[in-house]
Amino acid sequence: MSTQYEKLIQQRDRLKQKIDQEDFKIRQSKYYENRQARKARSRRLIQKGALLEKYFKADNLSVEQTEELLKIFADYVNKHKPDKLRNDQPND
């Protein structure tokens, strides 16, 4: 009886270990996905910032000044944005 009990305890311990390993793999995978998403967003923001500086000659402006500049033109740009660049249009 005790050997069967010991086997069950060992089996339970092995299963707990497997569960812990799988949980670790899941957490690691989620971390990797989040990290990739953050990297992609950072890259996109850097590229857009570079374009803003290039076309608006805004490299000498502070963040607050750049925001003021964008606020001035935001309504006009959003009203006259081509249909293919609007967010509310489905992407093909």
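Residues numbered from 1 in each chain as written. Predicted model: local features only at pLDDT ≥ 70, side-chain atom pairs only at ≥ 80, totals over all residues. Heavy atoms only, no water.

Participant: Give a detailed account of the overall build of the protein chain, specifying residues and quantitative values.
Facilitator: Scanning the protein chain for helices and strands turns up 2 helices and 0 strands. Here the C-alpha radius of gyration of the protein chain, 27 Å, is well above what a compact globule of 92 residues would show, namely 12 Å. Principal-axis analysis of the C-alpha atoms gives the protein chain an extent of 85 × 35 × 15 Å. For the protein chain, with 92 residues in total, the buried portion stands at 3%. For the protein chain, the accessible area works out to roughly 9,300 Å², and carbon and sulfur atoms hold 53% of it. Between the averaged position of the 22 positive side-chain charges in the protein chain and that of its 15 negative side-chain charges there is a distance of 5 Å. (Helix = DSSP H or I, 4+ residues; strand = E, 2+ residues; numbered from the N terminus. Rg over C-alpha atoms; globule rule 2.2 N^0.38 Å. Buried < 20%, exposed > 50% of the residue type's maximum accessible area, 1.4 Å probe, protein only. Areas by Shrake-Rupley, 256 points an atom, 1.4 Å probe, with all protein chains shown as cover. Lys, Arg positive; Asp, Glu negative; His and termini not counted. Charge placed at Lys NZ, Arg CZ, Asp CG, Glu CD.)

Participant: Can you lay out a nonpolar patch on the surface for me, pointing to particular residues and giving the numbers?
Facilitator: Taken together, the side chains of Leu-51, Tyr-55, Phe-56, Ile-72, Phe-73, Tyr-76 and Val-77 make up a nonpolar region of the molecular surface, amounting to roughly 770 Å² of accessible area. Contributing elements (two or more residues each) for the nonpolar patch: helix H1 (2-56) and helix H2 (63-79). Of the residues forming the nonpolar patch, the biggest block, 4 residues, is contributed by H2. (Patch = residues over 30% accessible without salt bridge, like charges linked within 9 Å, V, L, I, M, F, W, Y side chains within 5 Å. Salt bridge = Lys/Arg side-chain N within 4 Å of Asp/Glu carboxyl O.)

Participant: Describe the pattern of salt bridges, with residues and values.
Facilitator: Close approach of charged atoms lets side chains of opposite charge pair. Inspection of the entire model under this criterion finds 4 salt bridges. Lys-71 is the salt-bridge partner of Glu-67, the closest N and O atoms lying 3.9 Å from each other. Linking Glu-67 with Lys-71, this pair stays in helix H2, spanning 4 residues, or about one helical turn. The exposure class of Lys-71 is exposed, given its relative accessible area of 59%.

Participant: Any details on H1? Residues and values, ideally.
Facilitator: In this model H1 runs 80 Å from its N-terminal to its C-terminal C-alpha over 55 residues, within 8% of the 81 Å that 1.5 Å per residue would give. Looking one or two residues beyond H1, the residue adopting positive phi is Lys-57, at roughly 50 degrees. (Expected span 1.5 Å × (residues − 1).)

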